[in-house]
Amino acid sequence: MNSRVIKKTMKLSICIPTYNRREELLRLLMSIEVALANFPATGQVEVIVSDNASTDGTELTIPAAQTRLPCLLYFRNDTNQGFAANLNRVISLASGTYCWLMGSDDALLPDVLRRLWPHLDGGASVIVGNPVTRSVERKFFLFDGEKEQRLSSEQDYAAYVAQCREISAAFAFMSTLIVKREFWNRVQCTEYENKHPYAHMLRIVRGLATDGGDVRCLNAPVVVTGHAGNEWNKTVLPHFELDLSTIKYIMSTIFRSSPGLMSAYGLVFRRQYSGLELLKSRVESTGERWNAMTTLLETFGYPRFLLEKTALDPLLLALYMRIKRVRMARNRISQ
């Protein structure tokens, strides 16, 4: 089912691939409505939803949403094409100079369009903002203030990655990315990259590695993260493995094992996955599954003793979590 088509070229397309997130999508659309109400240039923004054949009645909520958001366009796939294909589809439907890649369980901050708008007149290929999780802004970068960087070589990319506090800042967190549509469309990805759970990340990295581009780091909050569950975030291990395997692919296929980039990724990985996250991942993992990851983790600079999977791991994790709960209880009492 396709809604009416706005032929006018927009400055910004908010591109939302979705599947079975009816309530979360409604909250997102309400947040967009508020953000547009706080910003005068509403005629230059379109909102595009590509529904991946949801079975929860998502399509039934759209007409009412369109009465409040006339710029909302809705498209529905006949079958579930998978996340990556649906993301590529929603961007193919956009007309904006920039496309904001938006997870359907996230939400815009009320004043974000006013703060973002001046940056849409620049030439940046990618604009990166910060997320807010559980009411706390996650500072993506080690530096303060806005910064625009030209990435045209492996060395440039390694320097960019080394500034990141977590893998999400290196183009993994989709809803913090506003991408120039021209840049996105000219990148030639492999079939594997087009179907990958981090299809957005691999496309951006591939584009920067091939043609270069300017990346503007806003160092300011742009979205509030949602908490809808998926196969990657229910526990630590799936996301840990996904980050690790994606970096391995980038290193081996896109940048051909650059030592400087390997070192930079190692720094970021250790920042994000401390000893506790390693422990949680070891407990979740089988010995064979864990051993397959340790070689790259050693290359990333983890000491060997942190990588040893032992029979005591579950006990150590239970003890740590018990201590953490006691400390949290004491903090609540002291407040």
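Procedures and definitions
Residues numbered from 1 in each chain as written. Predicted model: local features only at pLDDT ≥ 70, side-chain atom pairs only at ≥ 80, totals over all residues. Heavy atoms only, no water. Disulfide = S-S within 2.5 Å. Buried < 20%, exposed > 50% of the residue type's maximum accessible area, 1.4 Å probe, protein only. Helix = DSSP H or I, 4+ residues; strand = E, 2+ residues; numbered from the N terminus. Arc of directions from axis to C-beta. Contact = heavy atoms within 4.5 Å. Salt bridge = Lys/Arg side-chain N within 4 Å of Asp/Glu carboxyl O. Axes fitted to C-alpha atoms, helices over the stretch in contact; angles between N-to-C directions. Parallel < 35°, antiparallel > 145°, perpendicular 65-115°, else oblique. Left-handed = near helix turned anticlockwise from the far one by under 90°. Nonpolar A, V, L, I, M, F, W, Y, C, P; charged D, E, K, R; others polar. 1 Å grid on protein atoms, 1.4 Å probe; cavity = no way out; pocket = protein on both sides within 12 Å on 5 of 7 lines; lining within 4 Å. Points joined across faces, edges and corners; volume = space filled by probe spheres on them.

(A) Layout of the state of the cysteines. Summed over the entire model, instances satisfying the criterion amount to zero disulfides. Here C164 is not cross-linked by a disulfide; its sulfur's nearest cysteine counterpart is in C217, at 7.3 Å. In this structure C164 comes out as buried when scored by relative accessible area, which is 0%. Cysteine C189 shares no disulfide, and the gap to the nearest cysteine sulfur, in C99, comes to 15 Å.

(B) Expanded view of helix 3 (residues 83-92). All buried positions along helix 3 are accounted for by A84, N86, L87, V90 and I91. Taken around the axis of helix 3, the buried residues stretch over an arc of 165°, which confines them to a single face. In this structure, the buried side of helix 3 is in contact with strand 1 (12-18), strand 2 (45-51), strand 4 (98-101), helix 6 (181-186), helix 7 (191-195) and helix 8 (199-211).

(C) Layout of the pattern of salt bridges. With the rule as written, the count across this model stands at 19 salt bridges. One salt bridge connects E308 with R304, and the closest N-O pair in it is separated by 3.0 Å. Judged by its relative accessible area of 37%, E308 falls in the partly exposed class. R304 sits in the partly exposed class, given a relative accessible area of 38%.

(D) Structural view of the packing of helix 8 against helix 9 (residues 236-254). Here helix 8 crosses helix 9 at 25°, and the two axes come no closer than 12 Å. Classed by the angle they form, the pair helix 8 and helix 9 counts as roughly parallel. With respect to the hand of their crossing, helix 8 and helix 9 are arranged in right-handed fashion. Facing helix 8, whose interface residues are M201, L202, V205, R206 and A209, helix 9 presents T246, Y249, I250, T253 and I254. For the contact of helix 8 with helix 9, the class distribution of residues is seven nonpolar, two polar and one charged.

(E) Up close: the layout of surface pockets. Its boundaries defined by the atoms lining it, the second largest pocket holds a volume of some 160 Å³. Taken together, E241, L244, S245, K248, A292, M293, T295 and L296 make up the lining of the second largest pocket. Counting only elements with at least two residues in the lining of the second largest pocket, the list comes to helix 9 and helix 12 (287-299). Partitioned by chemical class, the residues of the lining of the second largest pocket number four nonpolar, two polar and two charged.

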